[in-house]
Amino acid sequence: MRNKLIIALKIAISISVLITIVTRLESQQIISLLQQTNSVYLLIAMILSLLAVPVAGLRWRLLAEMLHFNISTATATRATFAGLFVGQVLPGGIGSDVIRGWMV
(Lines give C-alpha, C1' and ligand atoms only; values in the text may rest on other atoms or scores of the structure.)
Protein backbone atom coordinates (compact mmCIF):
# COMPACT_ATOMS: atom_id res chain seq x y z
CA MET A 1 0.00 0.00 0.00
CA ARG A 2 2.80 2.39 0.88
CA ASN A 3 4.54 1.80 -2.47
CA LYS A 4 1.33 2.57 -4.35
CA LEU A 5 0.96 5.80 -2.41
CA ILE A 6 4.56 6.80 -3.18
CA ILE A 7 4.09 6.06 -6.89
CA ALA A 8 0.83 8.03 -6.95
CA LEU A 9 2.58 10.93 -5.24
CA LYS A 10 5.42 10.84 -7.77
CA ILE A 11 2.97 10.83 -10.67
CA ALA A 12 0.98 13.69 -9.15
CA ILE A 13 4.12 15.77 -8.64
CA SER A 14 5.32 15.08 -12.18
CA ILE A 15 1.96 16.00 -13.68
CA SER A 16 1.72 19.21 -11.64
CA VAL A 17 5.23 20.24 -12.68
CA LEU A 18 4.44 19.56 -16.34
CA ILE A 19 1.15 21.47 -16.15
CA THR A 20 2.91 24.43 -14.54
CA ILE A 21 5.53 24.48 -17.28
CA VAL A 22 3.05 24.09 -20.12
CA THR A 23 0.68 26.76 -18.83
CA ARG A 24 3.49 29.30 -18.61
CA LEU A 25 4.67 28.76 -22.17
CA GLU A 26 2.95 29.94 -25.31
CA SER A 27 1.85 27.03 -27.45
CA GLN A 28 2.64 28.83 -30.70
CA GLN A 29 6.19 29.42 -29.54
CA ILE A 30 6.63 25.74 -28.67
CA ILE A 31 5.20 24.62 -32.01
CA SER A 32 7.43 27.05 -33.87
CA LEU A 33 10.54 25.82 -32.07
CA LEU A 34 9.64 22.18 -32.68
CA GLN A 35 9.11 22.83 -36.39
CA GLN A 36 12.55 24.43 -36.65
CA THR A 37 14.23 21.54 -34.83
CA ASN A 38 15.98 18.82 -36.81
CA SER A 39 14.15 15.65 -35.73
CA VAL A 40 17.27 13.49 -36.12
CA TYR A 41 19.18 15.60 -33.60
CA LEU A 42 16.21 15.59 -31.26
CA LEU A 43 15.96 11.79 -31.44
CA ILE A 44 19.71 11.39 -30.85
CA ALA A 45 19.50 13.71 -27.83
CA MET A 46 16.60 11.75 -26.36
CA ILE A 47 18.37 8.40 -26.83
CA LEU A 48 21.58 9.69 -25.27
CA SER A 49 19.65 11.15 -22.35
CA LEU A 50 17.95 7.83 -21.70
CA LEU A 51 21.23 5.90 -21.98
CA ALA A 52 23.00 8.25 -19.59
CA VAL A 53 20.98 7.05 -16.59
CA PRO A 54 21.88 3.34 -16.83
CA VAL A 55 25.52 4.32 -17.39
CA ALA A 56 25.38 6.48 -14.25
CA GLY A 57 23.77 3.56 -12.39
CA LEU A 58 26.58 1.27 -13.53
CA ARG A 59 29.14 3.82 -12.42
CA TRP A 60 27.45 4.09 -9.04
CA ARG A 61 27.38 0.27 -8.70
CA LEU A 62 31.10 0.10 -9.47
CA LEU A 63 31.82 2.77 -6.87
CA ALA A 64 29.78 0.88 -4.28
CA GLU A 65 31.64 -2.31 -5.18
CA MET A 66 34.96 -0.56 -4.60
CA LEU A 67 33.69 0.25 -1.10
CA HIS A 68 32.82 -3.45 -0.60
CA PHE A 69 29.08 -2.80 -0.82
CA ASN A 70 27.51 -5.07 -3.43
CA ILE A 71 24.34 -3.94 -5.20
CA SER A 72 22.92 -5.04 -8.52
CA THR A 73 23.10 -2.90 -11.62
CA ALA A 74 19.29 -2.84 -11.75
CA THR A 75 19.08 -1.53 -8.18
CA ALA A 76 21.73 1.10 -8.88
CA THR A 77 19.89 2.20 -12.04
CA ARG A 78 16.53 2.41 -10.23
CA ALA A 79 18.16 4.42 -7.45
CA THR A 80 19.74 6.71 -10.03
CA PHE A 81 16.38 7.32 -11.73
CA ALA A 82 14.75 8.03 -8.36
CA GLY A 83 17.60 10.32 -7.34
CA LEU A 84 17.33 12.28 -10.58
CA PHE A 85 13.60 12.66 -10.06
CA VAL A 86 14.01 13.96 -6.53
CA GLY A 87 16.87 16.20 -7.65
CA GLN A 88 14.54 17.83 -10.19
CA VAL A 89 11.68 18.34 -7.76
CA LEU A 90 13.42 19.33 -4.54
CA PRO A 91 15.71 22.34 -4.21
CA GLY A 92 19.34 21.67 -3.48
CA GLY A 93 21.58 18.91 -4.71
CA ILE A 94 21.73 16.64 -1.70
CA GLY A 95 18.22 15.23 -2.04
CA SER A 96 19.14 12.95 -4.93
CA ASP A 97 22.06 11.42 -3.01
CA VAL A 98 19.87 10.88 0.05
CA ILE A 99 17.26 9.04 -2.03
CA ARG A 100 19.91 6.84 -3.66
CA GLY A 101 21.36 5.94 -0.28
CA TRP A 102 17.95 5.29 1.24
CA MET A 103 16.90 3.00 -1.64
CA VAL A 104 20.05 0.94 -1.39
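Refer to the structure presented above.
Here the residue numbers are simple positions, counted from 1 along each chain's written sequence. Only residues with pLDDT of at least 70 get local features here, since the model is predicted, and only at 80 or more are side-chain atom pairs given and counted; chain-wide, interface and lining totals rely on the full set of residues. Excluded from the side-chain calculations are hydrogens and water; all other atoms, namely the structure's heavy atoms, are used.

S.K.: An account of the overall build of the protein chain is requested, with residue identities and associated values reported.
M.R.: From N to C terminus, the protein chain includes five helices and zero strands. Its helices and strands taken in sequence order, the protein chain reads α-α-α-α-α from the N to the C terminus. Dimensions of the protein chain, computed from C-alpha atoms along their principal axes, come out at roughly 55 × 35 × 25 Å. Any pair of residues with heavy atoms lying within 4.5 Å of one another is described as a contacting pair. Of the contacts made within the protein chain by residues no fewer than 6 positions apart, 43% connect residues no fewer than 24 positions apart. For the purposes of this entry, the term helix denotes a DSSP run of H or I that reaches at least four residues, the term strand denotes a run of E that reaches at least two, and both are numbered from the N terminus.

S.K.: With reference to specific residues and values, describe the pattern of salt bridges.
M.R.: Pairing is possible between side chains that carry opposite charge, provided their charged atoms lie close to one another. Salt bridges are identified by distance alone: a Lys or Arg side-chain nitrogen within 4 Å of an Asp or Glu carboxyl oxygen. Per the stated rule, a full pass over the model turns up one salt bridge. We note a salt bridge from R61 to E65, for which the minimum N-O separation is 2.9 Å. Of this pair, R61 and E65 both sit in helix 3 (residues 39-66), four residues apart, which is roughly one turn of the helix.

S.K.: Lay out the side chain of T77 with the relevant residues and their values.
M.R.: Here T77 shows up in helix 4 (residues 73-89). Apart from the residues lying within four places of it in its own chain, the contact partners of T77 are V53, P54 and G57.

S.K.: Explain a nonpolar patch on the surface to me, and be specific about the residues and the numbers.
M.R.: The grouping of V17, I21, V22, L25, I30, L34, L42 and M46 at the surface amounts to a nonpolar patch, some 690 Å² of accessible area in total. Put simply, the parts of the chain that give the nonpolar patch at least two residues each are helix 1 (2-24), helix 2 (27-36) and helix 3. The element best represented in the nonpolar patch is helix 1, accounting for three residues. Structurally, V17 can be placed in helix 1. What makes a patch is a set of residues exposed beyond 30% relative accessible area and free of salt bridges, joined within 9 Å when like-charged and within 5 Å when nonpolar (Val, Leu, Ile, Met, Phe, Trp, Tyr). The Shrake-Rupley method, run with a 1.4 Å probe, gives the accessible areas here. Residue values count only the displayed protein chains as cover.

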